[in-house]
Amino acid sequence: MPTLPETIAGILRTTPDALIVCHVAPDGDCLGSALALALACGQCGVQALVGSADGVPEVYRFLPGSDRILTAPPERACAVGVAVECSSLDRAGAFAEVLARSRTVINIDHHQSNTAFGDIVFHDPAAAAVGEQISEVIRAMAVPLTRELAQCLLTAIVTDTGRFGFPNTTPRTLRLAADLVAAGGSIPAVVERVYETRTAGGLRLLGASLQRLALAAEGRIAWTAVTPQMLQEAGAGADDVTGIVNLLRQIRGVQVALLFEVTPDGVRVGIRSRDGVRAHAIAEAFGGGGHAGAAGFTASGSLDDVVARTLAAAEKELHAAS
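Conventions we followed
- Residues numbered from 1 in each chain as written.
- Predicted model: local features only at pLDDT ≥ 70, side-chain atom pairs only at ≥ 80, totals over all residues.
- Heavy atoms only, no water.
- Buried < 20%, exposed > 50% of the residue type's maximum accessible area, 1.4 Å probe, protein only.
- Helix = DSSP H or I, 4+ residues; strand = E, 2+ residues; numbered from the N terminus.
- Pairing = 2+ DSSP bridges.
- Contact = heavy atoms within 4.5 Å.
- Axes fitted to C-alpha atoms, helices over the stretch in contact; angles between N-to-C directions.
- Parallel < 35°, antiparallel > 145°, perpendicular 65-115°, else oblique.
- Left-handed = near helix turned anticlockwise from the far one by under 90°.
- Nonpolar A, V, L, I, M, F, W, Y, C, P; charged D, E, K, R; others polar.
- Arc of directions from axis to C-beta.
- Salt bridge = Lys/Arg side-chain N within 4 Å of Asp/Glu carboxyl O.

In this structure, E85 takes a positive phi of about 60° despite not being glycine. Under the relative-accessibility criterion, E85 is labelled buried at 1%. Unlike most non-glycine residues, D275 shows phi in positive territory, near 60°. As for its placement among the helices and strands, D275 is situated in the loop between β9 (266-273) and α11 (279-284).

Next comes the structure, spelled out in structure tokens:
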């Protein structure tokens, strides 16, 4: 009996076309995995489109094929639709409707809270990154592991493990990374572009956000906020917000780091946690989701209101983890 990756590979190798969809506010894992799968489909002669309702953040535009990612859904549904790291169908954003109209919907995800939508569900919460799951599918497709494909998958792995520093890093993760490096992928290229490159406006925004840094729960929660006015004064863009929350988690004694970003769609909240505190449990209280160490959600209401409610939920989770 074929495994799930083998079943998915068989479908993708024989479909005339496929739409591969990222979740809203895509990260390196989602984008790298989606682009890698599209490259593998192309080697099989399959016309594969990649869609991202929120486009591609500047930091990930070095990825091969990122310039061809669609930001608006096609009118016609493809034979196969693949949701990459979408815990629920609505996480596909503007692509949700056309994705659902695919003859076969494939759901590939490693988030804890996947809703099991679709015709085929490949859900593996033990995977450090969805890139690990996509690599299994690509291996089953029996296509050459090119340098471009390896770079996409390596970006997925490096970013979702925090440069192999998060607890989700396993021997499986490191073996895969070694194979990808052997195929021509570069870890230094990912680290330099994603973690060591900022705009001048981004640095000014970082300074402004750290000035607003606050602690709660006797120093176990660190949080700050970014507003449109702060972006304007710093000469920064929305992409420059990426990574700030990870710095807050570095404070000694902090178990939960929160970044509140005021956007036209509401207050976007990024959560990072450690020491057994579940970031995804905090996010799920507001309709969001993610992983044990990293999660997020978007809430309506004023910034002060969202901050107060989120801090209460974080403190509740701290007590549960004690």
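Further remarks concern the sheet that holds β9. Strand order in the open sheet formed by 6 strands is β6-β7-β8-β9-β11-β10, and the pairing between neighbours is mixed. The open sheet is flanked by β6 (214-216) and β10 (289-290), the only strands paired with a single partner. Alignment of β6 against strand β7 (residues 221-226), held across 3 bridges, turns out to be antiparallel. Paired with A214 across the two strands is W223, which belongs to β7. Strands in contact with helix α12 (residues 303-321) are β6, β7, β8 (256-263), β9 and β11 (294-299); relative to β8, the strand with the most contacts, it is inclined by about 160°.

Glancing now at the environment of A217. One can find A217 in the loop between β6 and β7. Distance in space between the C-alpha atoms of A217 and A312 is 9.6 Å, their sequence separation being 95 residues. Each residue touching A217, except ones within four places of it in the same chain, is listed here: E315 and L318.

Moving on to the pairing of β9. Of all the 8 residues making up β9, 6 are buried; the element is thus mostly covered by neighbouring parts of the structure. Pairing of β8 with β9, which is carried by 8 bridges, proceeds in the antiparallel orientation. In the sheet register, T263 faces β9, and the bridge partner there is G266. What sits between the antiparallel neighbours β8 and β9 is a turn of 2 residues. Sheet topology places β9 next to β11; 6 bridges connect them, and they run antiparallel. Its bridge partner being in β11, R272 is matched across the sheet by A294.

Here the focus is the packing of helix α5 (residues 147-160) against helix α6 (residues 171-182). Contact geometry for α5 and α6: axes closest at 9 Å, N-to-C directions at 150°. It follows from the interaxial angle that α5 and α6 lie roughly antiparallel. The hand of the α5/α6 crossing is left-handed. For the pair formed by α5 and α6, the contact residues are A150, L153, L154 and I157 on the first element and T173, L176, A177, L180 and V181 on the second. Taken together, the residues that form the contact of α5 with α6 break down as 8 nonpolar, 1 polar and no charged.

Attention now goes to helix α1 (residues 4-14). Among all positions of α1, only P5, I8, A9 and L12 are buried. Buried residues of α1, viewed axially, fall in a sector of 100°; they line one side. Packing partners of the buried residues in α1 comprise β1 (17-22), α2 (28-43), β3 (80-84), β4 (104-109), β5 (120-123) and α4 (130-141).

Another aspect to go through is the pattern of salt bridges. Enumeration according to the criterion identifies 11 salt bridges in this entry. Two residues, E132 and R172, come together in a salt bridge whose shortest N-O distance is 3.0 Å. Placement of E132 in helix α4 and of R172 in helix α6 is noted, with a sequence separation of 40 residues between them. One connected set of salt bridges, linked through shared partners, spans D124, E132, E136 and R172.

What follows covers the sheet that holds β1. The 5 strands lie next to each other as β2-β1-β3-β4-β5, forming an open sheet whose pairing is parallel. Only two strands of the sheet have a single neighbouring strand rather than two, namely β2 (47-51) and β5. Pairs of neighbouring strands in the sheet enclose a mean axial angle of 15°, with direction left out of account. Judged from the 5 bridges that link them, β3 and β4 form a sheet pairing that is parallel. In the strand pairing of β4, V80 is matched with T104.

Just distances and angles here, no functional claims.
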